[in-house]
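# Geometric and topological summary
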Amino acid sequence: RKYALEVVKLGAGSTAEFDSDGVESGMHTYKLYKGDGGLVMPNGDSYYLSGGDALSRAADAILLTAGVMGADWHYGLDNVHKRLGEIRVNLPTSSGNVWARVNNYRLNAAPDLAGSSFEQDSYGLTAGGDMIMRREKAMLVAGAFFGMSRSERGFEDTRNDYGDGETNTIGLGLYGLWLYDNAWFVDATLRFGRSSNELNARGVDGFVSRGKYTNHVQSISVEAGRRFMNGIYWVEPSAQVAVAWINGADYTVSNGVSRNLEVHIGDSDAWQYRGQVRTGADYGRWQPYVKVAMVKTDSNGGEVQVEGRSYQPWFDGWRFETGAGVGYLIDERSQVYFDYEYNKASDYE
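Our subject in this report is the structure included herewith. (Residues numbered from 1 in each chain as written. Predicted model: local features only at pLDDT ≥ 70, side-chain atom pairs only at ≥ 80, totals over all residues. Heavy atoms only, no water.)

### Here's the deal with the layout of surface pockets
In this model, the largest pocket occupies a volume close to 1,000 Å³. Lining the largest pocket are 38 residues, and of these K82, R101, V102, N103 and D339 sit closest to its centre. For the lining of the largest pocket, the secondary-structure elements that each account for two or more residues are α2 (69-89), β5 (96-109) and β20 (334-345). Among the elements that line the lining of the largest pocket, the one with the most residues is β5, at twelve residues. Of the residues in the lining of the largest pocket, the class split is 16 nonpolar, eleven polar and eleven charged. (1 Å grid on protein atoms, 1.4 Å probe; cavity = no way out; pocket = protein on both sides within 12 Å on 5 of 7 lines; lining within 4 Å. Points joined across faces, edges and corners; volume = space filled by probe spheres on them. Helix = DSSP H or I, 4+ residues; strand = E, 2+ residues; numbered from the N terminus. Nonpolar A, V, L, I, M, F, W, Y, C, P; charged D, E, K, R; others polar.)

In structure tokens:
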């Protein structure tokens, strides 16, 4: 604990004991503690109101909403990466195609990320069109896409569910793929978007703190790899680097009763590095595959500043990914796909 306010001083020989429920104020939760003879609470016969680093429910909602932004953005870009992977598996015979992909994922985060656990359900739709150009052994694909997604969060602590939040994102972008001799490939994706965020957190006193703000995000992703063929079977190792530049925001969180919290989120960049291996087979109309990957995420900037203090709420670290999918070729110009993925990190899955 870094600070404390003496609120009860016992008389000589008193055996009275005091306790309290948590009291939220701003970014922290405060309780009564008996003096321990230290620098912050020196008198052993007194009780002090202190919060230390115990965050309030509103603080948890603020930090978790900001911290998940980078991970959400990179997850949203995966629809385009999967489209590029589909082209490499089933080489198109036409000069152009249109496509659409829907996705849904659940994110479960442990309390270690900020102080409260939360669950998030995300739904997305991405649609695009591409042109295919061939030059001897090489094939070049260029396309554009549009996407929108919605993420719904539920915040909870050791007592109960205490709040919720949502993020609605809309964006568009460009992508390209160069494939040589159905072996070596390089692809790149540019994406620009806007995310609108809302959060609601009910304090232990019953009052609900609310806030909303908007981020603008730009990103680029580059991936390279090689396909190895053996009859109907193939293996494809690849490496990807992606970065998202997330613009900061200033907004107010208010419960309509106590003082407002003025929140400043700094500009940030969220990096993602992925090493992946896919393997599958071509059974004519059916094209199943499985994949495994290790992903490293790093972030810079993005400090959340409230009440003169700074917080760093990122989902940085390593995670393991695995998945399986299957494509079905209806005819030369029509296909459907289904895939499932599971991701595991130290504090979320």
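### Brief notes about empty space enclosed by the protein
Gaps left between atoms show up when a probe the size of a water molecule is rolled over them. Counted by the stated rule, this structure contains four cavities of 30 Å³ or more. Considered as a void within the structure, the largest cavity measures approximately 320 Å³ in volume. Around the largest cavity, the lining comprises 23 residues; the ones closest to its centre are H81, K82, G85, R278 and Y289. If you tally residues by element for the lining of the largest cavity, the top one is α2, at seven residues. A class-by-class count of the residues in the lining of the largest cavity yields five nonpolar, six polar and twelve charged.

### Examining the sheet that holds strand β1 (residues 5-9)
Across the sheet, four strands lie side by side as β1-β4-β3-β2; this open sheet has antiparallel pairing. The outermost strands of the open sheet, each flanked by one partner alone, are β1 and β2 (23-25). Sheet twist, expressed as the mean angle between neighbouring strand axes with direction ignored, is 30°. Bridging between β1 and strand β4 (residues 46-50) involves four bridges; their strand directions are antiparallel. Along β4, the bridge assignment pairs K9 with S46. (Pairing = 2+ DSSP bridges. Axes fitted to C-alpha atoms, helices over the stretch in contact; angles between N-to-C directions.)

### Points about the packing of aromatic side chains
Two aromatic rings, taken as a pair, are described by how far apart their centres are and by the angle between their planes. What the rule picks out here adds up to nine aromatic pairs. Note on Y213 and Y251: the rings are 4.3 Å apart at their centroids and 20° apart in plane angle, and the pair reads as stacked. One end of the pair, Y213, is in strand β10 (residues 208-226); the other, Y251, is in strand β13 (residues 249-253), and 38 residues separate them in sequence. Assigned by exposure class, Y213 and Y251 land together as buried. Members of the aromatic cluster, each reached through a chain of ring pairs, are W99, F145 and Y175. Note that R227 overlies the ring of W234, its terminal NZ or CZ placed 4.7 Å from the centroid. One residue, R278, lies across the ring of Y289, its end atom 5.5 Å from the ring centre. (Phe/Tyr/Trp six-rings, centres within 6.5 Å; stacked < 30°, edge-to-face > 60°. Buried < 20%, exposed > 50% of the residue type's maximum accessible area, 1.4 Å probe, protein only. Lys NZ or Arg CZ within 6 Å of the ring centre and 35° of its normal.)

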